[in-house]
Amino acid sequence: MRRFTLLLLLLTLVICCHAQRKFNPEKLTYTSREWKMIARHCPDEFLKTPLAKQFAENVLIWQRNTGGWPKNLAIHRPLGDHKDAVIADKVKRDDSTTDNDATIVEMTYLARMWHAVPDARYKEAFLKGLRFMLDGQYENGGWPQFWPENHGYQIHITYNDHAMVQTLRIIRDLRDGNKPFDGLVDEKTKKELDRSFKKGIECILNTQIIVNGKRTVWCQQHDRETLAPAPARSYELPSYCSSESAELTRLLMELPSPSQKVKDAVNGAMEWFEKHKITGIRVEVYKMDDGRYDRRVVEDATAAPLWARFYDLKTEEPYFCDRDGIPRKHLSEIGHERRNGYGWYNSAPATLLPLYQKWQEKYQ
């Protein structure tokens, strides 16, 4: 397991470095994934170019009056004839979110741009985004998926796709003056950020699923009133969720001077991951007779451990779910669309092991 983890971390580093090397402003594909890469990883020297400034203009135009941004946007795409429509939509109050990296990535880009080109508008838009974040926090410390207006499952405390973890990391980095978020807020705001961060951590601890007195992991979303695991989309049932829980555990391990409650939370989660890892299988992508690609689970004694995305709250067994909302035991039992359109297995908990070993040496 240790060897696999080190290889995985090395591969991640190589991919990140490659992403920076392959960035070519003359060969843009204008996808939301590309925009996220540019905002976070483009070379610093690019930020001073006219094209980078044009991207920043788009970021300013797309920002809602709420202070947040919609999700799944290729913001760097030229607006052309759509500019007036985007400006008209700035009044929308129901599509501002931190889901799928929205708002997080735009604020990151604005912070980087402000350091490269200290245009006051960049800082102003960033601080407006920060106010959107702070105002959206529940008294219990959590955040919904969308705000200020939302409906249905959007009201729940949302860990899905690491939305709340990323929000807390920006708040922490602003408070601590970590790059690229240094120099953007005053001391008074830092105190507000400290309170917000501590409330968020308390929410994470209070929503951790406890079974027979033992701390385990988390669901992708939790009820804002009861803090219990809550449903989202039809195939996202209340459950133990491995990927989101791994990132929540990582955040807790990043805390200096952890309390006993934090220590219990980390140890409980890591014990749960160890107990529920799946060995001897891998997920294979293959081409079907009709030319489409599909996924299947195959036996492989040499495969690295995997975790199912969801585990049943009662049986603690992995399950897979189609849009009909009926949990099934095997990936092959759900339809082609959901089988290939969702991450049903992951290795996120394995990446925690090196950090956990150092954490244990320091705090146990």
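Residues numbered from 1 in each chain as written. Predicted model: local features only at pLDDT ≥ 70, side-chain atom pairs only at ≥ 80, totals over all residues. Heavy atoms only, no water.

1. Quick word on the pairing of strand S7 (residues 293-299)
Residues in a regular strand project their side chains so that they alternate between the two faces of the sheet. In the sheet, strand S6 (residues 281-287) pairs with S7 via seven bridges, with the strands oriented antiparallel. Within the sheet, the bridge partner assigned to Val 285 lies in S7 and is Arg 295. Hairpin connection of S6 to S7: five residues between the antiparallel strands, including Gly 291 at a positive phi of 95°. (Pairing = 2+ DSSP bridges. Helix = DSSP H or I, 4+ residues; strand = E, 2+ residues; numbered from the N terminus.)

2. Notes on helix H6 (residues 120-136)
Counted at 1.5 Å a residue, the expected span for H6 with its 17 residues is 24 Å, and the 24 Å between its end C-alpha atoms agrees. The complete set of buried residues in H6 reads Tyr 122, Ala 125, Phe 126, Gly 129, Leu 130, Phe 132, Met 133, Leu 134 and Gly 136. Looking at the packing, one finds that the buried side of H6 touches helix H3 (50-62), helix H5 (104-116), helix H7 (163-176) and helix H8 (187-207). N-capping of H6 is provided by Asp 119, with a side-chain oxygen placed 2.9 Å from the backbone N of Arg 121. (Expected span 1.5 Å × (residues − 1). Buried < 20%, exposed > 50% of the residue type's maximum accessible area, 1.4 Å probe, protein only. Contact = heavy atoms within 4.5 Å. Polar contact = N/O pair within 3.5 Å; in protein donor to acceptor, adjacent residues only side chain to side chain.)

3. Side note on the packing of aromatic side chains
Using the criterion set out here, one finds 16 aromatic pairs in the structure. Taking 6.0 Å as the distance between ring centres and 35° as the angle between the ring planes, the aromatic pair formed by Phe 126 and Phe 181 counts as tilted. Placement of Phe 126 in helix H6 and of Phe 181 in the loop between H7 and H8 is noted, with a sequence separation of 55 residues between them. Measuring from ring centre to ring centre gives 5.4 Å for Phe 320 and Tyr 345, while their planes differ by 45°; the resulting arrangement is tilted. Residue Phe 320 is located in strand S10 (residues 320-321), and its partner Tyr 345 is located in strand S12 (residues 345-346); the two are separated by 25 residues in the primary sequence. Feature note: the residues Tyr 235, Phe 310, Tyr 319, Phe 320, Tyr 342, Trp 344 and Tyr 345 constitute an aromatic cluster, connected by ring pairs. (Phe/Tyr/Trp six-rings, centres within 6.5 Å; stacked < 30°, edge-to-face > 60°.)

4. Considering the nonpolar core
Formed by 98 residues in total, the largest nonpolar core has its most connected members in Ile 38, Tyr 109, Ile 204 and Leu 252. If you tally residues by element for this core, the top one is H5, at eight residues. When near neighbours in sequence (up to four residues on either side) are disregarded, Leu 252 contacts Ile 201, Ile 204, Leu 205, Trp 218, Val 262, Ala 265 and Val 266. (Core = buried A, V, L, I, M, F, W, Y, C linked by side-chain atoms within 4.5 Å.)

5. Notes on the side chain of Glu 106
Along the polypeptide, Glu 106 turns up in helix H5. In this structure, Glu 106 is buried with no salt-bridge partner, the nearest side chain bearing the opposite charge being Lys 36 at 8.5 Å. One polar contact links the side chain of Glu 106 to the main-chain amide nitrogen of Thr 103, over a distance of 2.7 Å. If we ignore the near neighbours within four places in the chain, the residues touching Glu 106 are Trp 35, Val 59, Trp 69, Ile 75 and Asp 101. (Lys, Arg positive; Asp, Glu negative; His and termini not counted. Salt bridge = Lys/Arg side-chain N within 4 Å of Asp/Glu carboxyl O.)

6. Focus: helix H9 (residues 242-253)
Across its 12 residues, H9 extends 16 Å between first and last C-alpha, which sits within 8% of the 16 Å expected from 1.5 Å per residue. Counting buried residues along H9, 12 of its 12 residues qualify, which places the element largely inside the surrounding structure. Listed as buried for H9 are Ser 242, Ser 243, Glu 244, Ser 245, Ala 246, Glu 247, Leu 248, Thr 249, Arg 250, Leu 251, Leu 252 and Met 253.

7. So, the environment of Thr 29
Structurally, Thr 29 is set in the loop between helix H1 (2-21) and helix H2 (32-41). Residues Thr 29 and His 76, 47 residues apart in the sequence, show an inter-C-alpha distance of 9.9 Å. Dropping the residues within four chain positions of it, Thr 29 is found in contact with Glu 34 and Arg 77.

8. Looking at the packing of H7 against H8
Contact geometry of H7 with H8 gives a least axis separation of 9 Å together with a crossing angle of 150°. Every pair of crossing elements has a handedness; the one defined by H7 and H8 is left-handed. Contacts from Met 164, Leu 168, Ile 171, Arg 172, Leu 174 and Arg 175 of H7 reach H8 at Lys 190, Leu 193, Asp 194, Ser 196, Phe 197, Gly 200, Cys 203 and Ile 204. Looking at the contact of H7 with H8, its residues break down into eight nonpolar, two polar and four charged. (Axes fitted to C-alpha atoms, helices over the stretch in contact; angles between N-to-C directions. Left-handed = near helix turned anticlockwise from the far one by under 90°. Nonpolar A, V, L, I, M, F, W, Y, C, P; charged D, E, K, R; others polar.)

9. Describing the state of the cysteines
One pass over the full model with this rule turns up zero disulfides. The cysteine Cys 203 is free of any disulfide, with Cys 219 supplying the nearest cysteine sulfur at 13 Å. With no disulfide of its own, Cys 219 lies 4.3 Å from the sulfur of Cys 241, the closest cysteine sulfur. (Disulfide = S-S within 2.5 Å.)

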